[in-house]
Amino acid sequence: MTIEELNKIKAAKADIVKVRTIIAEEGEKLSKVTGYRKQVLVCGGTGCQSSHSMEVLEALNAELAAKGIADEILVVRTGCFGLCSLGPIVIVYPEGTFYAQATPEGIKRIVDEHLIEGKICTDLLYQETVHDDGSIISLSETNFYKKQMRIALRNCGVIDPEDIEEYIATDGYQALYKVLTSMTPDEVCQVVLDSGLRGRGGAGFPTGRKWMFTKDAPGEVKYVACNADEGDPGAFMDRSILEGDPHAVIEAMIIASYAVGSHQGYVYVRAEYPVAVHRLRIALDQARKYGLLGKNILGSGHDFDIEIRLGAGAFVCGEETALLTSIEGHRGEPRPRPPFPAVKGLFGKPTLLNNVETYANIAQIIRNGAEWYSAIGTEKSKGTKVFALGGKITNVGLVEVPMGTTLREIIEEIGGGIPDGKAFKAAQTGGPSGGCIPAEHIDTPIDYESLSALGSMMGSGGLIVMDEDNCMVDVSKFYLNFTADESCGKCTPCRVGTRKLLQLLEKITEGKGEPEDLKKIRDLATHMKSSSLCALGQSAPNPVLSTLQYFGDEYLAHINEKKCPSGVCKSLLHYEIIADKCKGCTLCARKCPVSAITGTVKEAHVIDTDKCIKCGVCIGNCKFGAIVRK
Amino acid sequence: MTEKNVIPFQGTPEQEAQLKEVIARYHDQPGGLMPALQEAQGIYGYLPVEVQRMIADGMNVSLSEVFGVATFYSQFSLTPKGKHRISVCLGTACYVKGSDKILEAVEAKLGIKSGECTPDGMFSIDSCRCVGACGLAPVMLVDDDVYGKLKPEQVAGIIDSYTE
Ligand SMILES: Cc1cc2nc3c(=O)[nH]c(=O)nc-3n(C[C@H](O)[C@H](O)[C@H](O)COP(=O)(O)O)c2cc1C
Ligand code: SF4
Ligand code: SF4
Ligand code: SF4
Ligand code: FES
Ligand code: FES
C-alpha cells in the first residue's frame, strides 16, 4: 500500500460515509453523487444484536430485494450508536431519521412508506425526535447527542467496522502515514505528551510519558500491548470501540510501535466479547492484506504485527502486570512494581500497555495536533471520556463528553433522568475501585481530580445510576462480593481482607450488625489500602468507605433499627398476605417464580417465607392490595 | 462440585485427534498454554483431568501448572456443562435492576445452584459479569439467546421452552 492508493480509496468512499454525518439539504445533494438514493444503517452492536437487530437487517435486505430496489439503497451494519436501551436501532440517511426498537414488521413499512414513497413512518421513530407539530429532528439534535463530543467514538455507529475502506474514507491510516514519513519517534511521543491525554484504563497516567519511558528503555525487543480486558462489571466502552471501530485501535498500536520501537503487538481481549473479537480478527486480516500491518508498512521499512490473546474471565488480569503474566500463559497474578512494564514487561522485555479507549484517541491527536486536543476538557484532565451509562437511567447507553461535564448534565440531560418518577440517589463511578457520589454532589464536574476528591474515581468509565430503591449497604456488599471473588489470593491483606469485609457487610445486611462493626470496617480498610500488593486489594474497600461517608445513616438503620430503609436487604423484610383482604384469586400463586405461595381457590393464600426470594412479583400482581411488604 | 455430579470422562478418538493437533500448534509458542486450554475446552466442552494430563504431557509442562491455570480463570470449567447453559448476568447494571432475583428464580426452577448441572444433564447455571447488553438489564443468556428486561416470573416459561 502506498499513500496514493490510500488516498484513492479515501476519495472513492469519502462521500458515501459523509452522507451519514451531514444531514438535511447538503446531505440530500451529496447522496445524489454517491450512487445511493438512501442509506439505511442498522446497529450491529452487542446491545442491539441482543434485541435481535440481525433479524431486522435480514428482513430489510429481503424486502429491498423483493421490491427490486436493493441497488439504490445502501445497507450498512454499524457498531453501537449509544442509545442501546432503544435497540434495535435503524437510521435512514440523508434525513438522519432515527427509528427505535425496530422490528421485522416495522422494517417492511419503512421500506414501503419511507424508502419508496418518501413518507417517514413517524410513529416508529424515537419519539424524542418528533415534535408536537409533526416536524422531525435528527438524532444529532436530540438531548442525548447534543451535549456529547465524540472523539474516541467518532466512527462508532457511522462506519461499517468490517470494511477497512470505510475507515480509510474517514481519514483512517492518514495519521499512520504522517508519523511514518514525517515524524521521529521522539516527536510522536512529544505530541502525545503535549496533548495531555491520560490513560483511560483507570489510573489516568499521562500516556505520552509512558510512551517515552518505553522508547527510552534499553533493549532490542519491545512489545506494544492493548488492554481490552474490561473487567469492570457494568462497563462496555472498550467493547463498543472494538466492535464499532477496530481500525482506530489498530492504527494507534502501529503508531505506538513506531514511537517505541516495537515489532510485535498483543491485544488482550475478554473471551466473553465474541463480536468484538470477531471484528478485530477481520480488521487485522484486512490491515495485513492492505499492507498496513506486517512487513514494510506503507513502504516505510517499519515492521509490526498484532496477535490476539483471549482473556479467560479473571478481573485481576486487567491489572497491567497480571495481564502480561497471563499473556505469558500463566496464572494471571500481579507482580510487584517497579520494575514497571515499560522497563521489564512481557517476556521480560520493555512493554507499552494502553487501554482501548486511550488508543482510540491517538490517530485523531496526531492528525489534529496536540493543541486541538488539549483545548478540550479541564486544566488537568484533557479531552473527552466515554462512559457506559447504566442502572436506573432512562437512556442506558454509551456517551462521550468533554472532561468537566457535570454529573447533572450526564444524568438529567443526556441520560434523560431517572425512570418511573423515582428520585436520584447516587452515581457509582470507577467500578469496584470507585465509590458513590450522592445527590448533593450532582453538580460536580467530572474529571480525574474532582472524582477522587469525592472518594470515588474515574476508573474505566462505568457510570451506574441508582435511585431511591437501591440500598447502599447492599451495593457495597455487591462490590465486595466481586472483589473477594476476584482476588487472586497472592497476598494476605487482600485475600483475607476482602473476605472479612464481606462478612461484616453480610452481617449488617442480615440485621446482625453491631455498632463496633463500622470501626472494624474502617480499620480493615486502612490496613488493606496500605499493604495490598496491587490496586485490586488497595482499592477494594473504596465502595464501602464512600457509601459509609455519604450514606452512614443507612448503615446505622441496618445496625440499630434492624431495618433496610430501601427495602432491599432480604433478611430485614418479608412479604405477607392479609387474609381478610385476599379473595383467593390464585394469581399471585401462579406468578410467584419460586412457588412460595399456596392456597385454594376463593380462600386466603399464604406465603412460605423460607421459600420466598422477596422479588416483589406477587405484590405487583394482586389486584386487591392483599399483599404487604414489612 | 458435589461428588454425584462427576460424570466419567468419555472422549472420542476424533476429539483426541483434534486435541493433538491443538497441542502441536501451540507447543512451541510462548504463552501457548492458555490458548491451548481454551481450544481444548472448545473441543470437549470442559477440561476434565484426563484432558489436562494430555496437555501437560504434550506441551511439556507439569500437570500442576496446567491445573493451576485451569482453576485460576473463571472461563475454564472442570465439570461438564448442561446441554443448555443458562447464565445470569450479575454485572452492576443488571444487579441494581434485580438480577439476583432472576438467578434465584432460575435456581428454584431447576433445583440446583449456580455452578451446577441438573442430574439429567439438560441445564447448567452460571452467573457472568456484564455481557454488554446493559440497556436490556437485567439479562439472562440461555446458550446464545439473550433475554433482556426480564422479570422473575418469566424465568420458568423461558426454561420450559428449551425442554423438547
Ligand atoms: C484490578 C485491576 C483491574 C484493571 N482492569 C483494567 C481493565 O479491564 N482494562 C484496562 O484498560 N485497565 C485496567 N486496569 C488498569 C491497568 O492496570 C493499566 O493501568 C491500564 O491498562 C494502562 O492503560 P492506560 O494507561 O491506557 O490507562 C486495571 C487495574 C487493576 C488494578
Ligand atoms: S492485592 Fe489482591 S489481587 Fe492484588 S496481588 Fe494481592 S491478592 Fe492478588
Ligand atoms: S415476593 Fe416473590 S418469591 Fe416472595 S412470595 Fe412474592 S412472588 Fe413469591
Ligand atoms: S393475588 Fe391477592 S387476592 Fe389473589 S390470591 Fe394472591 S393475595 Fe389473594
Ligand atoms: S448496541 Fe445498538 S445502540 Fe448500542
Ligand atoms: S451488567 Fe448485565 S449486561 Fe451489562
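Procedures and definitions
Residues numbered from 1 in each chain as written. Chains lettered and ligands numbered in written order. Predicted model: local features only at pLDDT ≥ 70, side-chain atom pairs only at ≥ 80, totals over all residues. Heavy atoms only, no water. Helix = DSSP H or I, 4+ residues; strand = E, 2+ residues; numbered from the N terminus. Polar contact = N/O pair within 3.5 Å; in protein donor to acceptor, adjacent residues only side chain to side chain. Contact = heavy atoms within 4.5 Å. Near = heavy atom within 4 Å. Nonpolar A, V, L, I, M, F, W, Y, C, P; charged D, E, K, R; others polar. Phe/Tyr/Trp six-rings, centres within 6.5 Å; stacked < 30°, edge-to-face > 60°. Buried < 20%, exposed > 50% of the residue type's maximum accessible area, 1.4 Å probe, protein only. Lys NZ or Arg CZ within 6 Å of the ring centre and 35° of its normal. Salt bridge = Lys/Arg side-chain N within 4 Å of Asp/Glu carboxyl O. Pairing = 2+ DSSP bridges. Axes fitted to C-alpha atoms, helices over the stretch in contact; angles between N-to-C directions. Parallel < 35°, antiparallel > 145°, perpendicular 65-115°, else oblique. pLDDT = per-residue confidence, 0-100. Expected span 1.5 Å × (residues − 1). Arc of directions from axis to C-beta. Buried area = accessible area lost by both parts, 1.4 Å probe. Core = buried A, V, L, I, M, F, W, Y, C linked by side-chain atoms within 4.5 Å.

Section: the side chain of glutamate 320 of chain A
All names here are of chain A. By secondary structure assignment, the location of glutamate 320 is in helix H14 (residues 320–327). A polar contact is formed between the side chain of glutamate 320 and the side chain of arginine 337, at a distance of 2.5 Å. Apart from the residues lying within four places of it in its own chain, the contact partners of glutamate 320 are Lys210, Arg337, Phe340, Pro341 and Leu353.

Examining the side chain of serine 51 of chain A
The residue serine 51 of chain A is located in the loop between helix H3 (46–50) and helix H4 (53–66) in this model. Setting aside chain neighbours within four positions, we find serine 51 of chain A in contact with Gly87 and Pro88 of chain A together with Leu136 of chain B.

Examining the environment of methionine 54 of chain B
Residues and elements named next belong to chain B. Inspection of the secondary structure assignment puts methionine 54 in helix H3 (residues 49–59). In sequence terms methionine 54 and glutamate 16 are 38 residues apart; their C-alpha atoms lie 9.1 Å from each other. Each residue touching methionine 54, except ones within four places of it in the same chain, is listed here: Phe9, Glu16, Leu19, Ile23 and Tyr44.

Observations regarding the site of ligand 2
As a matter of local geometry, ligand 2 sits amid 13 residues, with Cys488, Lys490, Cys491, Cys494 and Cys534 of chain A nearest to it. A class-by-class count of the residues in the shell around ligand 2 yields 8 nonpolar, 4 polar and 1 charged.

Describing the packing of aromatic side chains
Describing an aromatic ring pair means giving the distance of the ring centres and the angle of the ring planes. Residues and elements named next belong to chain A. Scanning all chains against the criterion turns up 12 aromatic pairs over all chains. Note on phenylalanine 315 and phenylalanine 482: the rings are 4.9 Å apart at their centroids and 65° apart in plane angle, and the pair reads as edge-to-face. One end of the pair, phenylalanine 315, is in the loop between strand S7 (305–311) and H14; the other, phenylalanine 482, is in helix H19 (residues 472–486), with 167 residues separating them in the sequence. Its relative accessible area of 18% is what places phenylalanine 315 among the buried residues. Put simply, the rings of Tyr223, Tyr266 and Phe347 touch in pairs and so form one group of aromatic residues. Over the face of the ring belonging to tyrosine 448 we find arginine 198, whose NZ or CZ atom lies 4.2 Å from the ring centre. Lying across the ring of phenylalanine 387, lysine 385 places its NZ or CZ 5.9 Å from the centre.

Comments concerning the pattern of salt bridges
Residue and element names in this part refer to chain A. For the structure on display, the rule yields 48 salt bridges over all chains. Arginine 239 is paired through a salt bridge with glutamate 243; the nearest N and O atoms lie 3.2 Å apart. Within this pair, arginine 239 and its partner glutamate 243 are both found in helix H11 (residues 237–244), separated by 4 residues, close to a single helical turn. Considered together, arginine 239 and glutamate 243 belong to a single accessibility category, that of buried residues.

Focus: the site of ligand 4
In the vicinity of ligand 4, the contacting residues are Ile577, Cys582, Lys583, Gly584, Cys585, Thr586, Cys588, His605, Cys622, Phe624, Ala626 and Ile627 of chain A. Grouping the constituent residues of the shell around ligand 4 by class yields 8 nonpolar, 3 polar and 1 charged.

Observations concerning the sheet that holds strand S1 (residues 38–43) of chain A
Residue and element names in this part refer to chain A. With mixed pairing, 4 strands are arranged side by side in an open sheet as S2-S1-S3-S4. The open sheet is flanked by strand S2 (73–78) and strand S4 (97–99), the only strands paired with a single partner. Within this sheet the neighbouring strands show an average axis-to-axis angle of 20°, counted without direction. Across the face of the sheet, H4 comes into contact with S1, S2 and strand S3 (90–93) while running at roughly 170° to S2.

As for the packing of H19 of chain A against helix H24 (residues 552–561) of chain A
All names here are of chain A. Viewed as axis vectors pointing N to C, H19 and H24 meet at an angle of 95°, and their least axial separation amounts to 8 Å. Considering their axes alone, H19 and H24 lie roughly perpendicular with respect to each other. Judged by residue contacts, Met472, Val473 and Ser476 of H19 engage Glu554, Tyr555 and His558 from H24. Taken together, the residues of the contact of H19 with H24 sort by class into 3 nonpolar, 2 polar and 1 charged.

Comments concerning the confidence of the model for chain B
Mean pLDDT over chain B works out to 90, with 95% of the residues at or above the 70 mark. A low-confidence stretch, residues 1–5 of chain B stays under pLDDT 50, and its non-local contacts, those more than four residues away or across chains, total 4 contacts.

Quick notes on helix H1 (residues 13–26) of chain B
Given 3.6 residues to a turn, an α-helix orients residues that are three or four positions apart in the same direction. Residue and element names in this part refer to chain B. With 14 residues, H1 should reach 20 Å at 1.5 Å per residue; the first-to-last C-alpha distance of 20 Å fits that figure. Those residues of H1 lying buried are Gln15, Leu19, Val22, Ile23 and Tyr26. Buried residues of H1, viewed axially, fall in a sector of 100°; they line one side. The exposed set on the far side of H1, more than 90 degrees from its buried face, consists of Pro13, Glu14, Lys20 and Ala24. Contacts made by the buried residues of H1 are with helix H2 (33–44) and H3.

Regarding the interface of chain B and chain A
Taken residue by residue, the interface counts 39 residues in chain B and 56 residues in chain A. Of all residues in chain B, Phe72, Thr92 and Arg129 of chain B give up the largest surface area on contact with chain A, accounting jointly for 18% of the area buried on that side. Summed over the shared surface of chain B and chain A, the result is 2 salt bridges. Put simply, glutamate 104 of chain B and lysine 570 of chain A hold a salt bridge, and the shortest N to O gap is 2.2 Å. Here chain B and chain A share 22 residue pairs in polar contact (both at pLDDT 80 or more) between them. With 5 residues, the single largest contributor to the side of chain B that touches chain A is helix H4 (residues 63–72) of chain B. The residue inventory of the side of chain B that touches chain A, partitioned by class, reads 21 nonpolar, 11 polar and 7 charged.

Topic: the nonpolar core
Here is a general trend for soluble globular proteins: nonpolar side chains tend to be buried in one another's company. Counting 136 residues, the largest nonpolar core has Tyr173, Trp211 and Tyr359 of chain A as its most contacted members. Ranked by the residues each element gives to this core, the list is headed by helix H12 (residues 246–260) of chain A, at 11 residues. The residues touching tryptophan 211 of chain A, leaving out its near neighbours within four places in the chain, are Val188, Cys189, Val192, Ala252, Ile255, Ala256, Ala259, Val260, Leu352, Asn354, Tyr359 and Ile362 of chain A. Counting residues in hydrophobic clusters, the runner-up holds 42 residues, among them Tyr223 and Leu353 of chain A together with Leu47 and Phe72 of chain B.

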